[in-house]
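Architecture and fold: a report
Chain by chain, the residues:
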Amino acid sequence: MSILDQPTDTVAIIGGGPAGLATARALKTVGLPFVLFEKHRDVGGIWDRENAGSPMYRSAHFISSRTMSGHEGYPMPDSFPDYPSNGQILTYIRDFAADFGLYDHIRLNTPVDRVTKDGDGWVVQSSAEGEPRSERFRWLVCASGTNWHPNRPAIKGEETFTGEIVHSVAYDGSDSLKGQRVLVVGAGNSGVDIACDAAFAADAAYTSMRRGYHFVPKHIFGQPADVFGSKSSWMPMWLTQIVFGVLLRQLNGDLTRLGLQKPDHKIFESHPIMNTQVLHYLQHGDLIAKPDLDRLEGEDAVFSDGSRAAIDLVILATGYNWTLPYLDDGLFEWKNNRPQTFLKIFNPDQPSLFVNGYIETNSGAYKLFDEMGLLIAQTIAAQARDPAKARQIQATIEGPEPNLGGKVAYVESARHTGYTNVTAYTKAMKAMRDQLGWPDPSAFYEAAPKAAPSPAQGIASEAA
């Protein structure tokens, strides 16, 4: 298998989801050639339910609002509801790729099998229609996403369980729940969504949570919760926690009355659960709250308080392992399945290697992907054209990293390892831009021209 040389200034991007496309737009705007590899037949990442391995289910909606979630300079359409559906998000992503002329740089149906370091570049081994191909690139951006490899914990007694156990990645919709007694394990946003589907469709529905959580309504005083919250961004975090803690107690009351555990942490010290329906179903008895699952025994689930329930189907909404399966493990330091990087982007030991999208935060992510893509593009441009600036950048990313937690004492869990507060993160990225004399994203992306409609746009719309 021969190596086909790319021009020495070419960038490889792996992944055609929002993070990869945001990086592609930034690279195009600074005038750097790139190739984006996408394993599926179209872009969209996890938002395409037909993409093998996607965790998306029919009832899934955005948990951040349309208002706060669009790409920089490319807002979501006014015709979208406050919280768009997965199909609407997929259409938006593909329109973004088409409007900025990114399809011309994308290789669809081309999975990346392996990437190896080769001197000061990278050899990307891919395959399209069964034909292997190796190419050398100067830079590599990993944007292949975090929700593809299910975290499937072992459960005591599962070998004796008479029902079925599946991870939520296999869940598609409520039709599969009819006539069943369903237990959903896990209280992430997917877990509570699926629990609501079960409350509506199943014969009996239970949700098992390891700890108590704060439930944030999707609307507060008639506004999307993140729009309402943005108006308090001037407050210090300790005051924000007090104000929102009082507000949630007024709106939701004491949730222990519904069988939920009392939270062992302050609001915003864990990833927010944005769901209004789950409290509705708990209040009406269509969903029963249970503590941590202790074991399975015959047809029963047995919980940490000694209670039990007869169950036909256990759905494990237990998250995903972050991984870069095409890279050697030694290229990044990992901690609790999280790659350790500077500003969630840079690898100080590998200046030509970047990640975008490997971040867990408390806000809409697409504008963050734009900012991350901007820093990546300008760093690559400096390495290609301005050695002195490149040395200045390298000195920055080898230095101490700013606190990205926003003075919040996050709960101790693998998920919250390196958890990022959006205010602290955007402040840190702005500080780096200011230090290097780079423009803010709004000014940068004003220069990004839209493309004329192309055949790819028609294909994208039809596929959506």
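Up top is the structure these notes are about.
Residues numbered from 1 in each chain as written. Predicted model: local features only at pLDDT ≥ 70, side-chain atom pairs only at ≥ 80, totals over all residues. Heavy atoms only, no water.

Let's shift gears to the overall build of the protein chain. Assigned secondary structure in the protein chain consists of 12 helices and 23 strands. Compactness check: the protein chain gives a C-alpha radius of gyration of 23 Å against a globular reference of 23 Å for 464 residues, within 12% of the reference. Expressed as a percentage of the 464 residues in the protein chain, the buried residues total 54%. Across the protein chain, the fraction of contacts at a sequence separation of at least 24, relative to all contacts at a separation of at least 6, is 69%. Of the accessible surface of the protein chain, which amounts to about 19900 Å², a share of 50% is contributed by carbon and sulfur atoms. For the protein chain, the distance from the average site of its 42 positive side-chain charges to the average site of its 53 negative ones is 5 Å. (Helix = DSSP H or I, 4+ residues; strand = E, 2+ residues; numbered from the N terminus. Rg over C-alpha atoms; globule rule 2.2 N^0.38 Å. Buried < 20%, exposed > 50% of the residue type's maximum accessible area, 1.4 Å probe, protein only. Contact = heavy atoms within 4.5 Å. Areas by Shrake-Rupley, 256 points an atom, 1.4 Å probe, with all protein chains shown as cover. Lys, Arg positive; Asp, Glu negative; His and termini not counted. Charge placed at Lys NZ, Arg CZ, Asp CG, Glu CD.)

This part is about the sheet that holds strand β4 (residues 106-107). The strand order β4-β3-β2-β8-β23 describes an open sheet built from five strands, whose pairing is parallel. Each edge of the open sheet carries a strand with a single partner, namely β4 and β23 (353-355). The pairing of strand β8 (residues 139-142) with β23 spans three bridges and is classified as parallel. Each bridged residue has a counterpart across the sheet, and for Leu140 the counterpart in β23 is Leu353. Docked against the sheet, helix α1 (residues 18-30) engages β2 (11-14), β3 (34-37), β4 and β8, running at close to 170° with respect to β3. Helix α8 (residues 366-385) contacts β2, β8 and β23 of the sheet and is inclined by roughly 170° relative to β23. (Pairing = 2+ DSSP bridges. Axes fitted to C-alpha atoms, helices over the stretch in contact; angles between N-to-C directions.)

Here we take up unusual backbone geometry. Within the chain, Asn337 stands out as a residue other than glycine whose phi angle is a positive 70°. Looking at where Asn337 falls in the secondary structure, it is placed in the loop between β21 (334-335) and β22 (338-339). With a relative accessible area of 35%, Asn337 lands in the partly exposed category. Unusually for a residue other than glycine, Leu343 sits at a positive phi of about 55°. Along the polypeptide, Leu343 turns up in the loop between β22 and β23. With relative accessibility at 1%, the residue Leu343 sits in the buried group.

Turning our attention to the pattern of salt bridges. Think of it this way: side chains of opposite charge can pair up when their charged atoms draw near. Counting across every chain of the model gives 25 salt bridges. We note a salt bridge from Arg58 to Asp172, for which the minimum N-O separation is 3.5 Å. With Arg58 in the loop between β3 and α2 (66-69) and Asp172 in the loop between β9 (164-167) and β10 (181-185), the pair connects residues that are 114 residues apart, well separated along the chain. A relative accessible area of 41% means that Arg58 is categorised as partly exposed. A salt bridge links Glu299 to Arg181, with the nearest nitrogen and oxygen atoms 3.6 Å apart. (Salt bridge = Lys/Arg side-chain N within 4 Å of Asp/Glu carboxyl O.)

Packing of α1 against helix α3 (residues 86-99) brings their axes to within 10 Å, and their N-to-C directions diverge by 20°. Taken together, the axis directions place α1 and α3 in an arrangement best described as roughly parallel. With respect to the hand of their crossing, α1 and α3 are arranged in left-handed fashion. Contacts between α1 and α3 involve Pro18, Leu21, Ala22 and Arg25 from the first element and Ile93, Phe96 and Ala97 from the second. Grouping the constituent residues of the contact of α1 with α3 by class yields six nonpolar, no polar and one charged. (Parallel < 35°, antiparallel > 145°, perpendicular 65-115°, else oblique. Left-handed = near helix turned anticlockwise from the far one by under 90°. Nonpolar A, V, L, I, M, F, W, Y, C, P; charged D, E, K, R; others polar.)

Looking now at the sheet that holds β9. Where strands meet in a sheet, backbone hydrogen bonds hold them as pairs that are either parallel or antiparallel. Spatially, β9-β20-β10-β11-β16 is the arrangement adopted by the five strands of the open sheet, whose pairing is parallel. Every interior strand has two partners, whereas the edge strands, β9 and β16 (288-290), have only one. This sheet shows a mean twist of 20° between the axes of neighbouring strands, independent of strand direction. Bridge count between β9 and strand β20 (residues 313-316): four bridges; the pairing is parallel. In the strand pairing of β20, Val166 is matched with Ile315.

Looking at the element boundaries, Gln180 is found in the loop between β9 and β10. C-alpha separation for the pair Gln180 and Leu313, spaced 133 residues apart in sequence, amounts to 6.9 Å. Filtering out sequence-adjacent residues up to four positions away, Gln180 remains in contact with Ala202, Asp203, Ala204, Asp312 and Leu313. From its side chain, Gln180 meets the backbone oxygen of Ser176 in a polar contact 2.9 Å long. (Polar contact = N/O pair within 3.5 Å; in protein donor to acceptor, adjacent residues only side chain to side chain.)

With that out of the way, let us pick up the packing of aromatic side chains. Across all of its chains, the model carries 15 aromatic pairs by this definition. When the centroid spacing of 5.4 Å and the interplanar angle of 45° are considered together, the rings of Tyr74 and Tyr92 count as tilted. Here Tyr74, found in the loop between α2 and α3, pairs with Tyr92, found in helix α3; they are 18 residues apart in sequence, far enough to count as distant. Among the residues examined, Tyr74 registers a relative accessible area of 9% and is labelled buried. The buried category is assigned to Tyr92, whose relative accessible area is 2%. Between Tyr366 and Phe369, the aromatic rings sit 6.0 Å apart at their centres with planes inclined by 25°, giving stacked as the arrangement. One end of the pair, Tyr366, and the other, Phe369, are both in helix α8, three residues apart, so they sit about a helical turn from each other. For the pair Tyr366 and Phe369, a shared accessibility class is recorded, and that class is buried. Feature note: the residues Trp47, Phe62, Tyr366 and Phe369 constitute an aromatic cluster, connected by ring pairs. (Phe/Tyr/Trp six-rings, centres within 6.5 Å; stacked < 30°, edge-to-face > 60°.)

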